[in-house]
Amino acid sequence: MEDAKKLEAFEAKINSGVKIEPKDWMPEAYRKQLVRMMSQHAHSEIVGMLPEGNWITRAPNLRRKAILLAKVQDEGGHGLYLYSAAETLGVDRTELLEQLHTGKAKYSSIFNYPTLTWADIGAIGWLVDGAAIMNQTALARGSYGPYSRAMVRICKEESFHNRQGYEIMMQLAQGTPEQKAMAQDALNRWWWPAVMMLGPSDDNSPNSEQLMRWKVKMESNDAIRERFIDRTVPQAEFIGLTVPDKDLKFDEETGHYTHGKINWDEFFDVIKGNGPCNAKRLKDRIDADKNGKWVREAAVAYAAKRVKEKEIA
Amino acid sequence: MTDTQWPVWEVFVQANPGIPHKHAGSVHAPDAEMALQNARDVYSRRSEGMNIWVVPANAITASSPEDQGSFFEPSNDKPYRHPTFYKIPEGVKYL
Amino acid sequence: MNLQQAKFEYLLRLGDSSLIIGHRLSEWCGHGPILEEDLAMINIALDFVGNTSELLKYAGQLEDKGRDEDELAYMRDEREFRNLLITEQPNGDFAFTIARQFLFDTYMFFLYEGLKASKDETIAAIAAKSHKEITYHLRHTSEWMYRLGDGTAESHDRLQSAVNDLWMFTAELFDMDEVDALLIKEGVAPDLNNIKTEWETRVNEVFAKATLQLPTTTFKQKGSREGKHTEHLGFLLAEMQYLHRAYPGAKW
């Protein structure tokens, strides 16, 4: 009875646009879903550092090297903001990382694809960050205060990511024939994974109705996907690249593009762990954690010694 | 020794001289000096700040949502604390 | 050798050291011991990339053969690189990276303090900007020296062994030749003998606080002034320069 009343007040608050804060009452399902989403999002950011980090040491000039470093650093920062947001709901980052390392928690499917050429760095910034921003600007309007605030900050910082990616692609598309081929090849390989990363189609996405009502999810996957395709296709055309979807058509009536069939088997397979880089990405994260253990312990031991010294003095 | 991700510190950044520090987010750090450095590295990447405070998260005491009524509503019926409460004839200046 | 040639050579030394140590640090990206430190190391790496660009750009201008900073960074071979040997040593564990960085930061801190007074205005301006960055780097790496040195038995042993392994590369920091002689005479660069004293004092202080022993290694490996490097540099350059060289003349 008590809970029904609380739930009513909770939903009324959300309806009137008031943010839910950490100490406020919330349904268990809301809390659980948020922890899941925020940690998944955080994991995606830090795993996402790896495919791009892969090219930092090979960036073709000093300017690109600096930009890429700053961008990958941002991903780390965004992971950090998101872990912090998740921690406001009483879960420790140690616990969240363990869930990542044991495979209990998921991260975005997109980062299980390899970055094979420099053009992939352009494609990621342009397509992957482009798709992510669509999602994130929606999430910035979400109902949970800490998540929404993290998203606002992230969106502000991410706006350069998208542009730098497009700039790389543009430069390649206008470059030598080899460079242009490199750009087209990257678009060919990243297009479908980017289209898929926005999540399963609406008729195959569980719990969506309740999450939308609670403003945990703000828009349906398909709606965001449509907007992504609508905005991105003309950008590809502008630099003379071809989107690898022979069924792609602009529908004059609806004002939107219709796209070809998405290979959802591939998507679910990658989510399950069978993508080209799943094992490598996870191993890299686990290794970093293992190799850092003695470092983290040393810092704690040092701090404890200083506290003891103070007590004696 | 059990491995941890270090304690959480809340970070407050002063963006410009003369204005108050504002909560920016949090960082993990083993002690105050590292908290300060981590806060600098995380929250001033785009020249957002000129001064930083770090506070151990567990040192902050916050009011509860249940306190909201008793804490804050009593001040709602005291409009005489605001200048607009007072009627001053037109033409009187500097008040 | 005229003054301009000496300056060019000197700028390569400074610029290459920044380039190579920044490159090494950037290899940590995504693999640091904790997220916060990952970000911290990238910040330092970024400062070095910026510093490299300024130094090599100016070097190219002085040389006046149409080489810009990228041409200098990406199109020279091992034997033409002038970075200090310590900067090219592979990262090893976090203790090795911190020790390498601390020893180099301390050197750079005092060196750039001297360069701020350079009679060459461009060098003085670059040094003034960089010195602020280095001041922070040194603070960060010094704090890590204390924590690792006086943390756990394991961290202490790792750091002590890192310092021992790196020690043979430290003498080279203060090597001087006719380039230095000319630039000191002209008031462009500081005397490295003075830097050495300051470096030793600071290193001793930090080692003491970090409960580290000063290494007793007597062998001193040198050679970067003549482009005689350790075998590590070739692999680093092969990776760093491959894309730039694979497509001659391409713009990125």
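Residues numbered from 1 in each chain as written. Chains lettered and ligands numbered in written order. Predicted model: local features only at pLDDT ≥ 70, side-chain atom pairs only at ≥ 80, totals over all residues. Heavy atoms only, no water.

Quick look at the overall build of chain A
Inference 1: A tally of helices and strands in chain A yields 11 helices and 2 strands.
Inference 2: Starting at the N terminus, the α and β elements of chain A follow one another as α-α-α-α-α-α-α-α-α-β-β-α-α.
Inference 3: A principal-axis box enclosing the C-alpha atoms of chain A has dimensions of 70 × 50 × 35 Å.
Inference 4: Counting over 313 residues, chain A shows a buried share of 58%.
Inference 5: For chain A, the accessible area works out to roughly 13600 Å², and carbon and sulfur atoms hold 54% of it.
Inference 6: Taken together, the 44 basic and 44 acidic charged side chains of chain A have centroids lying 6 Å from each other. (Helix = DSSP H or I, 4+ residues; strand = E, 2+ residues; numbered from the N terminus. Buried < 20%, exposed > 50% of the residue type's maximum accessible area, 1.4 Å probe, protein only. Areas by Shrake-Rupley, 256 points an atom, 1.4 Å probe, with all protein chains shown as cover. Lys, Arg positive; Asp, Glu negative; His and termini not counted. Charge placed at Lys NZ, Arg CZ, Asp CG, Glu CD.)

Digging into the nonpolar core
Inference 1: The biggest cluster of nonpolar side chains holds 190 residues, and the ones touching the most others in it are Tyr30, Trp118, Trp191 and Phe228 of chain A together with Tyr107 and Leu148 of chain C.
Inference 2: No other element matches the 15 residues that helix 5 (residues 94-115) of chain C contributes to this core. (Core = buried A, V, L, I, M, F, W, Y, C linked by side-chain atoms within 4.5 Å.)

Some words on the sheet that holds strand 1 (residues 8-14) of chain B
Two strands in a sheet stick together by hydrogen bonds in their backbones, pointing the same way (parallel) or opposite ways (antiparallel).
Residue and element names in this part refer to chain B.
Inference 1: Spatial ordering of the open sheet is given by 2-1-3, a layout of 3 strands whose pairing is antiparallel. If you trace the sheet from one side to the other, it starts and ends with strand 2 (22-28) and strand 3 (51-56), each paired once. In this sheet, adjacent strand axes meet at a mean angle of 30° when their direction is disregarded.
Inference 2: Sheet analysis places strand 1 next to strand 2, joined by 6 bridges and oriented antiparallel. Paired with valine 8 across the bridge in strand 2 is histidine 28. (Pairing = 2+ DSSP bridges. Axes fitted to C-alpha atoms, helices over the stretch in contact; angles between N-to-C directions.)

With respect to the pattern of salt bridges
Side chains that differ in sign of charge can pair as their charged atoms come close.
Inference 1: For the structure shown, the criterion picks out 49 salt bridges over all chains.
Inference 2: Here aspartate 74 of chain A and arginine 46 of chain B are joined by a salt bridge, their closest N and O atoms 2.5 Å apart. Placement of the pair is aspartate 74 of chain A in helix 3 (residues 62-87) and arginine 46 of chain B in the loop between helix 1 (32-43) and strand 3, with the two residues belonging to separate chains.
Inference 3: In this structure aspartate 74 of chain A comes out as buried when scored by relative accessible area, which is 2%.
Inference 4: Its relative accessible area of 31% is what places arginine 46 of chain B among the partly exposed residues.
Inference 5: Linking aspartate 31 of chain B and arginine 147 of chain C is a salt bridge whose minimum nitrogen-to-oxygen distance equals 3.0 Å. Taken together, the positions of aspartate 31 of chain B in the loop between strand 2 and helix 1 and arginine 147 of chain C in helix 6 (residues 121-149) put the pair across two chains.
Inference 6: We classify aspartate 31 of chain B as buried; its relative accessible area is 13%.
Inference 7: Note on arginine 147 of chain C: relative accessible area 2%, which makes it buried.
Inference 8: Ionic contacts of the salt-bridge type, sharing partners, join the residues Asp74, Arg153 and Glu157 of chain A together with Arg45, Arg46 and Glu48 of chain B into one network. (Salt bridge = Lys/Arg side-chain N within 4 Å of Asp/Glu carboxyl O.)

Observations concerning the confidence of the model for chain C
Inference 1: On average, residues of chain C carry a pLDDT of 97, and 100% of them reach 70 or more.
Inference 2: Here the complex is predicted with pTM 0.95, and the ipTM for its interfaces comes to 0.96. (pLDDT = per-residue confidence, 0-100.)

Regarding empty space enclosed by the protein
Inference 1: Scanning the model with the defined rule gives 4 cavities of 30 Å³ or more in all.
Inference 2: For the lining of the largest cavity, the secondary structure elements donating two or more residues are helix 1 (3-26) and helix 5 of chain C.
Inference 3: The class makeup of the residues in the lining of the largest cavity is 9 nonpolar, 2 polar and 4 charged.
Inference 4: The computed volume of the second largest cavity comes to approximately 120 Å³.
Inference 5: Forming the walls of the second largest cavity are 15 residues, and the residues nearest its centre are Leu97 and Arg285 of chain A, Gln5 of chain B together with Ile34 and Leu35 of chain C.
Inference 6: Broken down by secondary-structure element, the contributors of at least two residues to the lining of the second largest cavity are helix 4 (93-101) and helix 11 (278-312) of chain A together with helix 2 (35-63) of chain C. (1 Å grid on protein atoms, 1.4 Å probe; cavity = no way out; pocket = protein on both sides within 12 Å on 5 of 7 lines; lining within 4 Å. Points joined across faces, edges and corners; volume = space filled by probe spheres on them. Nonpolar A, V, L, I, M, F, W, Y, C, P; charged D, E, K, R; others polar.)

Description of the interface of chain A and chain B
Inference 1: Between chain A and chain B, the contact holds 25 residues from the first and 19 residues from the second.
Inference 2: Summed over both partners, the interface of chain A with chain B buries about 2000 Å², with 51% contributed by carbon and sulfur atoms.
Inference 3: Considering only the side of chain A, the residues that lose the most area to chain B are Lys23, Arg153 and Arg296 of chain A, jointly responsible for 26% of the buried surface there.
Inference 4: On inspection of chain A and its partner chain B, the count reaches 6 salt bridges.
Inference 5: Where chain A touches chain B, the interface holds 13 residue pairs in polar contact (both at pLDDT 80 or more).
Inference 6: Every element with two or more residues in the side of chain A that touches chain B is listed here: helix 3, helix 4, helix 6 (145-173) and helix 11 of chain A. (Contact = heavy atoms within 4.5 Å. Buried area = accessible area lost by both parts, 1.4 Å probe. Polar contact = N/O pair within 3.5 Å; in protein donor to acceptor, adjacent residues only side chain to side chain.)

Some details on the layout of surface pockets
Rolling a probe over the atoms, with the probe sized like a water molecule, indicates the empty space that remains.
Inference 1: In this structure, the largest pocket occupies an estimated 1300 Å³ of space.
Inference 2: Of all the elements in the fold, those that place two or more residues in the lining of the largest pocket are helix 3 and helix 6 of chain A together with strand 1 and strand 2 of chain B.
Inference 3: In this structure, the second largest pocket encloses a volume near 1100 Å³.
Inference 4: Considering the residues around the second largest pocket, the lining is formed by 44 residues, among which Gln40, Asn135, Met197, Leu198 and Gly199 of chain A are closest to the centre.
Inference 5: Looking at the lining of the second largest pocket, the elements with two or more residues in it are helix 2 (28-53), helix 3, helix 5 (118-139), helix 6, helix 9 (221-238) and helix 10 (264-272) of chain A.
Inference 6: Among the elements that make up the lining of the second largest pocket, the one with the highest residue count is helix 2 of chain A (10 residues).
Inference 7: A per-class count over the lining of the second largest pocket returns 20 nonpolar, 14 polar and 10 charged.

Considerations on the packing of aromatic side chains
All names here are of chain A.
Inference 1: Counted according to the given criterion, the structure contains 30 aromatic pairs over all chains.
Inference 2: Considering the side-chain rings of tryptophan 191 and phenylalanine 228, the 5.8 Å spacing of their centres and the 25° angle between planes classify their relative orientation as stacked. Here tryptophan 191 is found in helix 7 (residues 177-196), whereas its partner phenylalanine 228 is found in helix 9, with 37 residues between them in sequence.
Inference 3: Since its relative accessible area comes to 1%, tryptophan 191 is described here as buried. (Phe/Tyr/Trp six-rings, centres within 6.5 Å; stacked < 30°, edge-to-face > 60°.)

Structural notes on a nonpolar patch on the surface
Inference 1: Judged by side-chain polarity, Tyr80, Phe85, Tyr86, Ile88, Val92 and Leu95 of chain B come together as a nonpolar surface patch covering roughly 650 Å² of accessible area.
Inference 2: Within the secondary structure layout, tyrosine 86 of chain B lies in the segment after helix 2 (68-72). (Patch = residues over 30% accessible without salt bridge, like charges linked within 9 Å, V, L, I, M, F, W, Y side chains within 5 Å.)

Remarks on unusual backbone geometry
Inference 1: Of note in this structure, lysine 215 of chain A is not a glycine but carries a positive phi near 55°.
Inference 2: Along the chain, lysine 215 of chain A falls in the loop between helix 8 (208-213) and helix 9.
Inference 3: The class of lysine 215 of chain A is partly exposed, set by a relative accessible area of 26%.
Inference 4: Phi at threonine 211 of chain C is positive, roughly 55°, even though this residue is not glycine.
Inference 5: The class for threonine 211 of chain C is partly exposed, based on a relative accessible area of 37%.

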